Each structure stands twice: as structure tokens, then as C-alpha cells.
Amino acid sequence: MKLFFVSLGCDKNLVDSEKMLALLAEQNIEITEEPKEAEIIIVNTCGFIHDAKEESIETILEMAEYKKTGKCISLIVTGCLAQRYAEEMQKEIEEVDVVVGTAAYDQIFEAVKESLEGRREPVMESLDYLPKHLTRRLGSRTGSYSSYLKIAEGCNKRCTYCIIPYLRGNYRSVPMEKLLAEAKDLADQGVKELILVAQETTVYGIDLYKKKMLPELLHRLCAIKGIVWIRLLYCYPEEITPELVQVMKEEKKICHYLDMPIQHSSDRILKKMGRRTNRKELLDKIEILRTEIPDIVLRTTLITGFPGETQEDFEEMLSFVDMVGFERLGVFPYSPEEGTPAAEMEDQIDEEVKKQRRDAIMELQQEISFDFEADCVGEKLLVMIEGYLPDEHAYVGRTYMDAPGIDGYIFIKSGEALMSGDFAEAVVTGSDEYDLIGELYEEHESAE
């Protein structure tokens, strides 16, 4: 039988998708890129914010049409939206055969069998359950030379705006030996960049080993042959320890790049959000990081229009962004999520105001980014080549400063043939708001 698979949402969801695909491929199910040719269609959904839920529902309805126009006989829905609305989904969308919860993705083949046999019972596990760890993954969809390594499931933080703990459960670290085996397998497949992800990476191991073990995990990942870069995402500022900073300084494979979501800078709003830090602590942590690792690139995310956010709160955040000058930054208008404390709070902000505030921060960030990129001109940087743009006669790649899919690129003119996955040294010769232009270092030297 042929299978068509749609993966929506975050990078953690993508890892689940790759593992489900591997499980199904082991059962001789053929993967196709043509939904009209597939007897089985699986949609791995996201349910994090309103827009993501809408996209998931639209995709499910689109795939449901192939029961009429294609060969589809089994439509399966997995992921966060499936976990959240399992009963409603099967009731409202009759084409959906089986729903699989977030903690049960390791049972995807059983779900496929059940659907083909005409059974429609949801496949669910307790959110305390850690799915069977699968070292094998089918085709890293990040790009064959970069891959996400999900080091934990769930979250214990309970921020008042966030639905994830209700969909993914409490924090459960994946045992270190299993992560090392998975990372080695990825390296053997040609992966050169590991991107560590979880709802929060910084508290890895606290449940299994009774202490934060991210520094130890990083040391051991750095010993794996073939891995060139290791990148850290989702590091909560209050959990960044001196030991973590030290390992980033010591280990040459760890990119001097840190994704550190802060969400706001007003003490009043941070408290309402249930965040475990304040403005002064944020500034202190940023100063430590930049002092200890002078070339570090910091990425953060912010939320505008949280319930009760005044114009004064917003302007304080705008001023914070201007003062700190994050090299990378994303902003999201607050999305009230059913079942979260924040959704029930008074003083909800008008949607238009949320978006105006988001746009104002992004306009400022564009100026900050433009200046930062311009300051890179003249620097020599290591670049991972990701492809070639024939119309531009240029290679496209990333430096340590850019994570795939969310940050910028460097475009390199070169007469030398390069392959995707190659690493090359380039001199930055130009820039715009988010991207760099460069030349291969050897060619730049000879041109001089």
C-alpha cells in the first residue's frame, strides 16, 4: 500500500513524523509524494495557537477529499490537535478513521491496521508515557545534512498562555544512551548538524538523573564522528547555568548561537504569564552570555497583546528590544487558547492592537538586524552549503548564526563546484536586512 504523509507544526512534531514514517516503511508501506495515489493518508497536526489549528483543520479537510477523488481508504490524524480534540474530530469529520494521541505515535502501524479493519477507536496513551524511543528516522526533512534531535517530551513550566503541557504532558527526558545512539545513526546517514530541541532543552535530565545533564549530553554528542555543528534551541533563560556556558565555550562543535525565548520584558506581564524570570535577571543573563562568548548570536521570541498589556508595558518591551539588540527575533500576537488560565483573564487585547504592536517591534528589529548584518561585512565565516540558485549563479548556505527555516542565509558567488552539505570558508562582502552575500575565502584572497 502507498502512504502520503503531511507533517505540520513545530520541529518536535517533525521528529515524530520522521519516526512514524520509519516505522511504517519497516512494514513495507510505500511512501508517495502524490496524495491521489495513496491508500493511506496521515496528517500530523499542530494545535499550539489559533492559526496552527486552522491550518491543521484545513489540511485534514483537504486530505479527506481524496476519499472521493483519489484512492484513499484510510485517513489518520495524529499530533497535538488530535490529542486535544480526538472525540470531536471523529464526530465532526466522518472521513477521519482513527485519531492517534501525542504519546502514542510509536503505535502508528497498529493504528493503520485498525483503520483498514474498519475500527475507529482512538489510539491514546497516558501523557506520563514516554513513547518507545526509535533510533531510526526516515529522511530528515530538515535537509539531509541537518537534523533535529528531540531530547525530551512535555513541559513542567505551566506558562499561563501555553496549551502544550495539556497536550504533551509533564517533562520526560529521553535516556542519554538512546539519544547518543540516535545521533550516531544520524551521523552515519550523513547528518552534519544536530539541532537539539524539546519544549525546553535546558532542564534535560532533571527527571531521570535528578540534575541538569545538558552539558554532559553536549560533551558526549561532540565526540560523535561526522557531526560538525551542534545547535541549541528552546533554552529558558533562568535555566542557563555556568556549566552550560562553559561547555559552549570549550566544545568547538557547539555553535555560538542560543535560542532563548523570553516572551516579554515587563515584570508585571512576565508574572501574569507565569514566567520564572524578570527584566533584571534577563539583562544579567544576556550580559553573562555576551561577556563569556563575545561572538554569540542570541535569538528570542516575544508575545504582544497578552491580556492586560498596557501601552506602557508594550513601550517598555520595545525599549528593551532596542537596548538589548537581539541578533535574531520573532514576534507573535497573543493567541487565547481554550483551557489555559490566560484565556480566562480579563482585559483581553483587541486583535488589531496585538498586530500593530507586533509590527512595531518587527520594524525596529529590521533596523537592528540590518545593522548587525552590515557589521558582518569583512568577516570570514564557516558556511554549510545548502543548494545552488542557477538564476543567480550563486550557492546558498548558512553560517553558525542561522538556524534552518527561521533565520537568514548567505549567498556565495563561486566558480568552484560545491555540493550540498559541504563546509566552506567565505568572506562576507555585502548584506541586507536578514541575509549576507559572500565569496569563497580562497577566491577572495586571490582577487585581492
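Further up the page is the structure itself.
Summarised in this report is the structure supplied together with it. (Residues numbered from 1 in each chain as written. Predicted model: local features only at pLDDT ≥ 70, side-chain atom pairs only at ≥ 80, totals over all residues. Heavy atoms only, no water.)

**Let's talk about unusual backbone geometry**
Then comes step 1: Although it is not a glycine, Asn28 sits at a positive phi angle of roughly 65°.
Then comes step 2: With respect to the secondary-structure elements, Asn28 resides in the loop between helix H1 (11-25) and strand E2 (30-31).
Then comes step 3: A positive phi angle, near 60°, is found at Tyr234, a position not held by glycine.
Then comes step 4: Tracing the backbone shows Tyr234 in the loop between strand E10 (229-232) and helix H10 (242-250). (Helix = DSSP H or I, 4+ residues; strand = E, 2+ residues; numbered from the N terminus.)

**So, the packing of H1 against helix H6 (residues 108-116)**
Then comes step 1: Packing of H1 against H6 leaves a shortest axis separation of 9 Å and a crossing angle of 60°. Relative to H6, the element H1 lies oblique. Packed against H1, whose contacting residues are Met20, Leu23 and Leu24, the element H6 presents Ile108, Phe109 and Val112 at the interface.
Then comes step 2: Residue classes in the contact of H1 with H6 are distributed as 6 nonpolar, no polar and no charged. (Axes fitted to C-alpha atoms, helices over the stretch in contact; angles between N-to-C directions. Parallel < 35°, antiparallel > 145°, perpendicular 65-115°, else oblique. Contact = heavy atoms within 4.5 Å. Nonpolar A, V, L, I, M, F, W, Y, C, P; charged D, E, K, R; others polar.)

**Examining the pattern of salt bridges**
Then comes step 1: Evaluation of the coordinates by the stated rule reveals 32 salt bridges.
Then comes step 2: In this structure, Lys212 engages Glu239 in a salt bridge whose closest nitrogen and oxygen atoms are separated by 2.6 Å. Of this pair, Lys212 sits in the loop between strand E9 (193-197) and helix H9 (214-222) while Glu239 sits in the loop between E10 and H10, placing them 27 residues apart in sequence.
Then comes step 3: Owing to a relative accessible area of 14%, Glu239 belongs among the buried residues under this scheme.
Then comes step 4: The residue Asp313 makes a salt bridge to Arg268 at a minimum N-O spacing of 2.4 Å. Placement of Asp313 in helix H13 (residues 311-324) and of Arg268 in helix H11 (residues 267-273) is noted, with a sequence separation of 45 residues between them.
Then comes step 5: By relative accessible area, which is 7% here, Asp313 ends up buried. (Salt bridge = Lys/Arg side-chain N within 4 Å of Asp/Glu carboxyl O. Buried < 20%, exposed > 50% of the residue type's maximum accessible area, 1.4 Å probe, protein only.)

**Examining the environment of Leu221**
Then comes step 1: Looking at the element boundaries, Leu221 is found in helix H9.
Then comes step 2: When the C-alpha atoms of Leu221 and Tyr236 are compared, they prove to be 21 Å apart, with 15 residues separating the residues in sequence.
Then comes step 3: Aside from chain neighbours lying at most four places away, what touches Leu221 is Leu149, Leu180, Ala183, Leu194, Leu196 and Ile230.

**Description of the sheet that holds strand E6 (residues 146-150)**
Then comes step 1: Read from one edge to the other, the open sheet built from 6 strands follows the order E6-E9-E10-E11-E12-E13, with strand pairing classed as parallel. Looking at the sheet topology across the chains shown, the edges are occupied by E6 and strand E13 (328-333). On average, each strand axis in the sheet is inclined to that of its neighbour by 20°, with strand direction left out of account.
Then comes step 2: In this structure, E6 lies alongside E9, joined through 5 bridges in parallel fashion. The residue bridging Ser146 from the neighbouring strand is Glu193, located in E9.
Then comes step 3: The strands that H10 touches are E10 and strand E11 (254-259); relative to E11, the one it contacts most, it runs at about 140°. (Pairing = 2+ DSSP bridges.)

**Examining the packing of helix H8 (residues 176-188) against H9**
Then comes step 1: Their axes nearest at 10 Å, the elements H8 and H9 cross at an angle of 30°. On the basis of the axis angle, H8 is roughly parallel to H9. Two packed elements cross with a definite hand, and for H8 against H9 that hand is right-handed. Counted together, Met176, Leu179, Leu180 and Ala183 of H8 and Glu216, Leu217, Arg220 and Leu221 of H9 form the full contact between these two elements.
Then comes step 2: In the contact of H8 with H9, the residues fall into 6 nonpolar, no polar and 2 charged. (Left-handed = near helix turned anticlockwise from the far one by under 90°.)

**What about the side chain of Glu95?**
Then comes step 1: Residue position: Glu95 is located in the loop between helix H5 (86-92) and strand E5 (98-99).
Then comes step 2: For the buried Glu95, which has no salt bridge, the nearest side chain bearing the opposite charge is Lys68, at an N-O separation of 4.5 Å.
Then comes step 3: Other than its neighbours up to four places away in sequence, Glu95 contacts Ala64, Lys67, Lys68 and Leu75. (Lys, Arg positive; Asp, Glu negative; His and termini not counted.)

**Comments concerning the environment of Thr102**
Then comes step 1: If you trace the backbone, Thr102 turns up in the loop between E5 and H6.
Then comes step 2: Ignoring anything within four residues of it in the chain, the contact list for Thr102 reads Gly79, Cys80, Gln83, Leu127, Pro131, Leu167 and Arg168.
Then comes step 3: Only 2.6 Å separates the side chain of Thr102 from the backbone oxygen of Leu167, close enough to count as a polar contact. (Polar contact = N/O pair within 3.5 Å; in protein donor to acceptor, adjacent residues only side chain to side chain.)

**Regarding H6**
Then comes step 1: Here H6 has its buried residues at Ile108, Ala111, Val112, Glu114 and Ser115. Within H6, the buried residues cover an arc of 165° as seen down the axis, which keeps them to one side.
Then comes step 2: Of the surrounding secondary structure, the elements contacted by the buried residues of H6 are H1, strand E3 (40-45), strand E4 (74-79) and E5.
Then comes step 3: In the stretch just after H6, Gly118 is the one whose phi turns positive, near 90°. (Arc of directions from axis to C-beta.)

**Overview of the nonpolar core**
Then comes step 1: Residues Leu196, Leu217 and Leu221 are the most contacted members of the largest nonpolar core, which totals 56 residues.
Then comes step 2: No other element matches the 6 residues that H8 contributes to this core.
Then comes step 3: Ignoring any residue separated from it by four or fewer positions in sequence, one finds Leu217 in contact with Ile151, Met176, Leu179, Leu180, Leu196 and Tyr204.
Then comes step 4: In terms of nonpolar packing, the next biggest core, distinct from the first, is built from 29 residues, Val383, Met384, Tyr395 and Ala403 among them. (Core = buried A, V, L, I, M, F, W, Y, C linked by side-chain atoms within 4.5 Å.)

**Notes on the state of the cysteines**
Then comes step 1: Applying the stated criterion across every chain, the model contains 0 disulfides.
Then comes step 2: Here Cys255 is not cross-linked by a disulfide; its sulfur's nearest cysteine counterpart is in Cys222, at 9.9 Å. (Disulfide = S-S within 2.5 Å.)

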